[in-house]
Amino acid sequence: KRKELRYFIAGLVLFLTVVILTLLYFLLWGRMKRLKLEKKNVQLVSKNLELEKTTLGQELEIRNKELTTNVMYQIQQNELVNEITQKLQNFSKTLRKEDQHLILGFVSGLKKTRNTAVWNEFEVRFQQVHNEYYDKLNLINPDLTTNDRRLCAFLRLNMSTKEIASITGQSIRSIEVARTRLRRKLNLTNSDTGLVEFLSQL
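Residues numbered from 1 in each chain as written. Predicted model: local features only at pLDDT ≥ 70, side-chain atom pairs only at ≥ 80, totals over all residues. Heavy atoms only, no water.

Section: the packing of aromatic side chains
Tallied over the entire structure, the rule returns two aromatic pairs. Aromatic pair Y25 and F26: ring centres 5.5 Å apart, planes at 70 degrees, arrangement edge-to-face. The ring of Y134 carries the charged tip of R149 above its face, separated from the ring centre by 4.3 Å. (Phe/Tyr/Trp six-rings, centres within 6.5 Å; stacked < 30°, edge-to-face > 60°. Lys NZ or Arg CZ within 6 Å of the ring centre and 35° of its normal.)

Structure, rendered in structure tokens:
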């Protein structure tokens, strides 16, 4: 009976050991599986974030292109208005003084409408695409003038000095001076960072 009891106890211990080892195996296997799933989930989340970032970047690029296209259209309209006003001014010289005043009044009205309409249209569209841009500029230097902010917006779209001169009605030299002054206001005077590069990162 003692011998049988020893065999029984040994068998029971062996059985319990097998059961415990089996449970430990399944617990470890389950944990490993859970860790693998968590790792896959992290990878999926990371890929989704990267995809979203790429999509947002592409969407921003498309909007920038649309905005630039619109600005270029406004530039062409500007040039057309300039041409018409020039022709009207030349034509007015051949008229009597009373009629000249009438023509020059039309010219003046055209110029005012052109400048206001172009900038208003541009600013509305620009803020739709870059809604926090002006706030970030304000944090860097709250004393920037309207013209400074306008120049920053044009440079953010990577527009050339010639294009900016065309849409603002200023000379190329004036724009170059304004760019130099803007570098100083944005604390880039002693920096190797380009003005366009700096503004594109805001």
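Having seen the model, we can carry on.
Quick look at the environment of V81
Tracing the chain through its elements places V81 in helix α1 (residues 2-92). When the C-alpha positions of V81 and I103 are compared, they lie 14 Å apart, and in sequence the two are 22 residues distant. (Helix = DSSP H or I, 4+ residues; strand = E, 2+ residues; numbered from the N terminus.)

Here's the deal with the layout of surface pockets
One number sums up the size of the second largest pocket: a volume of about 160 Å³. In terms of lining, the second largest pocket is formed by L60, V129, H130, N131, E132, Y133, K136, R156 and L202. In terms of residue class, the lining of the second largest pocket is made up of four nonpolar, two polar and three charged. (1 Å grid on protein atoms, 1.4 Å probe; cavity = no way out; pocket = protein on both sides within 12 Å on 5 of 7 lines; lining within 4 Å. Points joined across faces, edges and corners; volume = space filled by probe spheres on them. Nonpolar A, V, L, I, M, F, W, Y, C, P; charged D, E, K, R; others polar.)

Here's the deal with the side chain of D148
Position of D148 among the secondary structure elements: in helix α4 (residues 146-156). For D148, the contacting residues outside a window of four places in its chain are L182 and K185. (Contact = heavy atoms within 4.5 Å.)

A closer look at the side chain of T161
Looking at where T161 falls in the secondary structure, it is placed in helix α5 (residues 161-168). Since its relative accessible area comes to 16%, T161 is described here as buried. A polar atom in the side chain of T161 sits 3.2 Å from the side chain of R179. Setting aside its immediate chain neighbours within four residues, T161 contacts I172, I175, E176 and R179. (Buried < 20%, exposed > 50% of the residue type's maximum accessible area, 1.4 Å probe, protein only. Polar contact = N/O pair within 3.5 Å; in protein donor to acceptor, adjacent residues only side chain to side chain.)

As for the packing of α4 against helix α6 (residues 172-185)
As a packed pair, α4 and α6 sit with axes 11 Å apart at the nearest point and diverge in direction by 100 degrees. By the angle between their directions, the pair α4 and α6 is classed as roughly perpendicular. Contacts from D148, L151, C152 and L155 in α4 reach I175, A178, R179, L182 and K185 in α6. Classifying every residue of the contact of α4 with α6 by side-chain character gives six nonpolar, no polar and three charged. (Axes fitted to C-alpha atoms, helices over the stretch in contact; angles between N-to-C directions. Parallel < 35°, antiparallel > 145°, perpendicular 65-115°, else oblique.)

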